[in-house]
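# Observations on the three-dimensional arrangement
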Amino acid sequence: MIDVIIIGAGPAGLAAAIYVERSGKQAVLLEAGSFGGQIVNTLEIENYPGIKKISGFDFAMSLYEQATGLGAEIKYEKADKIEDKGEYKTVYTASGASYDAQAVIIATGAKNRHLLLDKEEEFTGKGISYCATCDGAFFKGMDVAVNGGGNTAIEDALFLSNYCSKVYVIHRREEFRGDKASLELLKSKENVSFVLNSNIIEILGEDRLSGIRVKNNKTDEEKVIEISGLFIAIGQEPDNKGFINVADINEAGYIIATEDLKTRTPGIFTAGDCRIKEVRQLATAVSDGAVAGLKACQFIK
Ligand code: NAP
């Protein structure tokens, strides 16, 4: 019987593990990919209180070393389902394993949203990317496009404008959600061109991406933009479908929780980007982890 199983080893899950271990309880993390979550793809973090500047990778590595150094264990398995068995919970994984725990924290984060266009999957890694900081350098001196109007799209476009000949920013509206100061900086870049009120309607290319067809949603005018790279930054979506038997989930798929991060099932908690919240930031994910970790330990007592 494990004390606390934490599903997801991103910042929220790793922070929860630190608090569980420091409360004298045992934390086992189940991670479907690699530890660190989305922050690994962030080039530089400059808004985490107390740390002026750190790379996303270094931050994730430091969290990982802190959690495992305290005794937390990570199993690289995808958790599919949780069953509430009253006195304890059983977590089932895609590999056919199952683990019993007194408490569970769901910290599955969110994944990049896809456009769901033909050739999008086929050309991922062949011109299409969801991570400018990971793949941007491959497009040095080339023409690229970024799709989206949030902070990720703005930051991606700013980053790419340093390497690429031309950066098209394609956004379905005129107004951007992202930070105004960053947007103004982006507007000042000579090699950045805005394609607003427009959606990508077709991905073009034979063996790899060679362009996109965009449609202006006000005028219905269509045009082809020739590019070597397309960075899709249209937000994230959670994947909590496997947990609807134990947790309430809203229409967008996010887990509904109380202020102290309890789901509707006693002993099952949630933390980080997978839950309903106004602000999805590194600081708030880590804060959730601390709350969920401590509440899970209190539940066990
Ligand atoms: P986001 O804020 O949800 O923005 C997603 C953007 O994609 C929106 O502009 C949205 O358009 C557009 N979009 C959504 N679905 C689309 C579709 N199917 N087709 C075309 N466009 C679509 O996502 P994000 O930029 O990834 O940011 C996520 C969170 O992380 C935010 O809270 C953000 O502030 C935060 N973040 C913070 C930093 C930082 O502080 N340095 C950096 C990156 C991200 P509409 O505007 O029309 O809805």
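Residues numbered from 1 in each chain as written. Predicted model: local features only at pLDDT ≥ 70, side-chain atom pairs only at ≥ 80, totals over all residues. Heavy atoms only, no water.

### Describing the sheet that holds strand β12 (residues 198-204)
Either a parallel or an antiparallel arrangement is found when strands of a sheet pair, and the pairing is made through backbone hydrogen bonds. The strand order across the open sheet built from three strands is β12-β13-β14, with neighbouring strands paired in antiparallel fashion. On the outer flanks of this sheet lie β12 and β14 (222-226), each paired with one strand and no other. On average, each strand axis in the sheet is inclined to that of its neighbour by 30°, with strand direction left out of account. Sheet analysis places strand β13 (residues 211-216) next to β14, joined by five bridges and oriented antiparallel. From the neighbouring strand, Gly211 faces β14, where its bridge partner is Glu226. (Pairing = 2+ DSSP bridges. Helix = DSSP H or I, 4+ residues; strand = E, 2+ residues; numbered from the N terminus. Axes fitted to C-alpha atoms, helices over the stretch in contact; angles between N-to-C directions.)

### A look at the nonpolar core
Counting 36 residues, the largest nonpolar core has Val4, Ile6, Leu29 and Ile105 as the members making the most contacts within it. Breaking this core down by element, the ones donating at least two residues are β1 (2-7), α1 (11-22), β2 (27-30), α2 (56-69), β6 (98-106) and α6 (282-300). Excluding residues that lie within four positions of it along the chain, Leu29 makes contacts with Ile6, Gly8, Ala9, Gly13, Leu14, Ala17, Ala72, Glu73, Ile74 and Lys75. Within the second largest apolar cluster, 19 residues are counted, among which are Ala132, Leu158, Phe176 and Leu186. (Core = buried A, V, L, I, M, F, W, Y, C linked by side-chain atoms within 4.5 Å. Buried < 20%, exposed > 50% of the residue type's maximum accessible area, 1.4 Å probe, protein only. Contact = heavy atoms within 4.5 Å.)

### Digging into the site of the ligand
In the neighbourhood of the ligand, 19 residues make up the surrounding shell, with Asn151, Thr152, Glu155, Arg173 and Arg177 lying closest. A distance of 2.9 Å separates an oxygen atom of the ligand from a polar side-chain atom of Asn151. Starting from 910 Å² of accessible surface for the ligand in isolation, the protein chains cover 75%. Top element by residues in the shell around the ligand is helix α4 (residues 151-161). It accounts for three residues. Across the shell around the ligand, the residue classes break down as three nonpolar, 10 polar and six charged. (Near = heavy atom within 4 Å. Polar contact = N/O pair within 3.5 Å; in protein donor to acceptor, adjacent residues only side chain to side chain. Areas by Shrake-Rupley, 256 points an atom, 1.4 Å probe, with all protein chains shown as cover. Nonpolar A, V, L, I, M, F, W, Y, C, P; charged D, E, K, R; others polar.)

### Describing the packing of α4 against helix α5 (residues 180-187)
Relative orientation of the contacting elements α4 and α5 amounts to 35°, with a least axis distance of 10 Å. Crossing of α4 over α5 shows left-handed handedness. The residues of α5 that touch α4, namely those facing Ile154, Ala157 and Leu158, are Ser182, Leu183, Leu185 and Leu186. Residue composition of the contact of α4 with α5, by class: six nonpolar, one polar and no charged. (Left-handed = near helix turned anticlockwise from the far one by under 90°.)

### Brief notes about a positive patch on the surface
A cluster of basic residues, Arg172, Arg173, Arg177 and Lys180, forms a positive patch at the surface. By secondary structure assignment, the location of Arg173 is in the loop between β10 (166-170) and α5. Take Arg173: its relative accessible area is 35%, and that puts it in the partly exposed class. (Patch = residues over 30% accessible without salt bridge, like charges linked within 9 Å, V, L, I, M, F, W, Y side chains within 5 Å. Salt bridge = Lys/Arg side-chain N within 4 Å of Asp/Glu carboxyl O. Lys, Arg positive; Asp, Glu negative; His and termini not counted. Charge placed at Lys NZ, Arg CZ, Asp CG, Glu CD.)

### Section: the sheet that holds strand β15 (residues 229-232)
With parallel pairing, five strands are arranged side by side in an open sheet as β8-β15-β9-β10-β11. Of all the strands in the sheet, just β8 (128-129) and β11 (192-195) have a single pairing partner and so form its edges. Sheet topology places β8 next to β15; two bridges connect them, and they run parallel. Within β15, the position partnered with Ser129 by the bridge is Phe231. Sitting on the sheet, α4 touches β9 (143-147), β10, β11 and β15, and the angle it makes with β9 is about 170°.

### Topic: the environment of Ser161
Take Ser161: it is sitting in helix α4. Relative accessible area serves as the criterion here: at 8%, Ser161 is assigned to the buried category. In the structure, Ser161 is positioned 17 residues away from Val144 in sequence and 9.2 Å away in space, judged by C-alpha atoms. Polar contacts involving the side chain of Ser161 include one to the main-chain carbonyl oxygen of Leu158, which spans 2.6 Å.

### Observations regarding the pairing of strand β4 (residues 79-84)
Bridging between β4 and strand β5 (residues 89-93) involves five bridges; their strand directions are antiparallel. Directly across from Glu83, in β5, lies its bridge partner Thr90. Following β4, the chain reverses through four residues before pairing antiparallel with β5; Gly86 in that reversal takes a positive phi of roughly 80°.

### Quick look at α1
The α-helix winds at 3.6 residues per turn, so residues separated by three or four positions along the chain end up facing the same way. End to end, α1 covers 16 Å across 12 residues, agreeing with the expected 16 Å (1.5 Å per residue, within 8%). For α1, every residue scored as buried is listed here: Pro11, Ala12, Gly13, Leu14, Ala15, Ala16, Ala17, Ile18, Val20 and Glu21. On its buried face, α1 sits against β1, β2, α2, β3 (73-75), β6 and α6. Two residues or fewer after α1 comes Gly24, characterised by a positive phi angle close to 80°. (Expected span 1.5 Å × (residues − 1).)

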